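Each chain is listed here by its residues.
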Amino acid sequence: LAPPATAPSDPRCSKERALAAAMYSGRGLDEQACSPQVTFTDPVARCSGRREVSEAFRALTFCRPEHVEAPRANFIDDLTSTVDLHQRYFSCALLPSGLVVRSTLLVRRRAADGLVCELEERWNGALLFGWVAFRWARRVNGMLSSLLTPLLLR
């Protein structure tokens, strides 16, 4: 399980925390912080490349994301960190409390240039299912999201 979000962020992960805070507040992906081949995976989708990952986080704006608690970064090693997220989505007059979700974002950087190469969101800190059928379905969902978002969010 993720550590409590009330603990302070590790200062060694300030860039990862800022990246996640922007992504999960509707401000989108900082493409300059990411490698051209960056991937984003969560339980329902896998996006590959800056364009697809950017579209995924552009689509997230439709969900009206907001931080319930400030993201908290945790140092793992020189190339890996996690960011604990406590988010609210879809808050509106009909659903004032919205959908509240806790997750952990795993952030990996390339050794050569320090650019983010992998983002993996784990809902409630749970590892993603690794079976082929789940990996295939996530990839198809990621590609469809990337194709449909520009058509739906103009």
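Residues numbered from 1 in each chain as written. Predicted model: local features only at pLDDT ≥ 70, side-chain atom pairs only at ≥ 80, totals over all residues. Heavy atoms only, no water.

Colleague: Quick question: what am I supposed to make of the overall build of the protein here?
Modeller: If you tally the helices and strands in the protein, you get three helices and six strands. In terms of overall size, the protein behaves like a compact globule, its C-alpha atoms giving a radius of gyration of 15 Å where 154 residues would be expected to give roughly 15 Å. With the C-alpha coordinates of the protein rotated into their principal frame, the extents come out at 40 × 35 × 30 Å. With 154 residues in all, the protein has 42% of them scored as buried. The contacts in the protein between residues at least 6 apart in sequence include a share of 57% that link residues at least 24 apart. The positive charge centre, built from 20 side chains, and the negative charge centre, built from 16, are 3 Å apart in the protein. (Helix = DSSP H or I, 4+ residues; strand = E, 2+ residues; numbered from the N terminus. Rg over C-alpha atoms; globule rule 2.2 N^0.38 Å. Buried < 20%, exposed > 50% of the residue type's maximum accessible area, 1.4 Å probe, protein only. Contact = heavy atoms within 4.5 Å. Lys, Arg positive; Asp, Glu negative; His and termini not counted. Charge placed at Lys NZ, Arg CZ, Asp CG, Glu CD.)

Colleague: Please clarify how the nonpolar core should be interpreted in this entry.
Modeller: Side chains that are nonpolar tend, in soluble globular proteins, to be buried together. Counting residues in hydrophobic clusters, the biggest one holds 24 residues, and the most contacted among them are M23, Y24, F40, V53, F57, L105 and L119. Of all the secondary structure elements, the ones that give two or more residues to this core are α1 (14-23), β1 (34-41), α2 (50-59), β4 (80-89), β5 (99-109) and β6 (116-123). If near-sequence neighbours (up to four positions away) are discounted, M23 is found in contact with G28, L29, F57, L60, L105 and L119. (Core = buried A, V, L, I, M, F, W, Y, C linked by side-chain atoms within 4.5 Å.)

Colleague: Would you take a moment to explain unusual backbone geometry for this structure?
Modeller: For residues besides glycine, phi is generally negative; the peptide bonds are generally trans as well. Even without being a glycine, R64 presents a positive backbone phi close to 55°. Mapping R64 onto the fold places it in the loop between α2 and β3 (66-77). In this model, F90 sits at a positive phi of 60°, which is unusual for a non-glycine residue. Assignment of secondary structure puts F90 in the loop between β4 and β5.

Colleague: Can you help me understand the packing of aromatic side chains in this one?
Modeller: The description of two aromatic rings rests on the distance between their centres and on the angle between their planes. The full count for this structure, using the stated rule, is five aromatic pairs. Consider the rings of W131 and F134, whose centres lie 5.4 Å apart with planes at 40°: the pair is tilted. Judged by relative accessible area, W131 falls into the exposed class, the value being 56%. You can call F134 partly exposed: its relative accessible area is 33%. In this structure, R12 packs its charged tip against the face of F75, placed 3.8 Å from the ring centre. (Phe/Tyr/Trp six-rings, centres within 6.5 Å; stacked < 30°, edge-to-face > 60°. Lys NZ or Arg CZ within 6 Å of the ring centre and 35° of its normal.)

Colleague: It is not clear to me how helix α3 (residues 132-152) should be interpreted in this structure. Could you clarify?
Modeller: Every α-helix carries 3.6 residues per turn, so stepping three or four residues along brings you back to the same face. Its 21 residues give α3 an end-to-end C-alpha distance of 30 Å, which sits within 8% of 30 Å, the value for a rise of 1.5 Å per residue. Among the residues making up α3, those that are buried are R138, G142, S146 and T149. On its buried side, α3 packs onto β1, β2 (46-48) and α2. (Expected span 1.5 Å × (residues − 1).)

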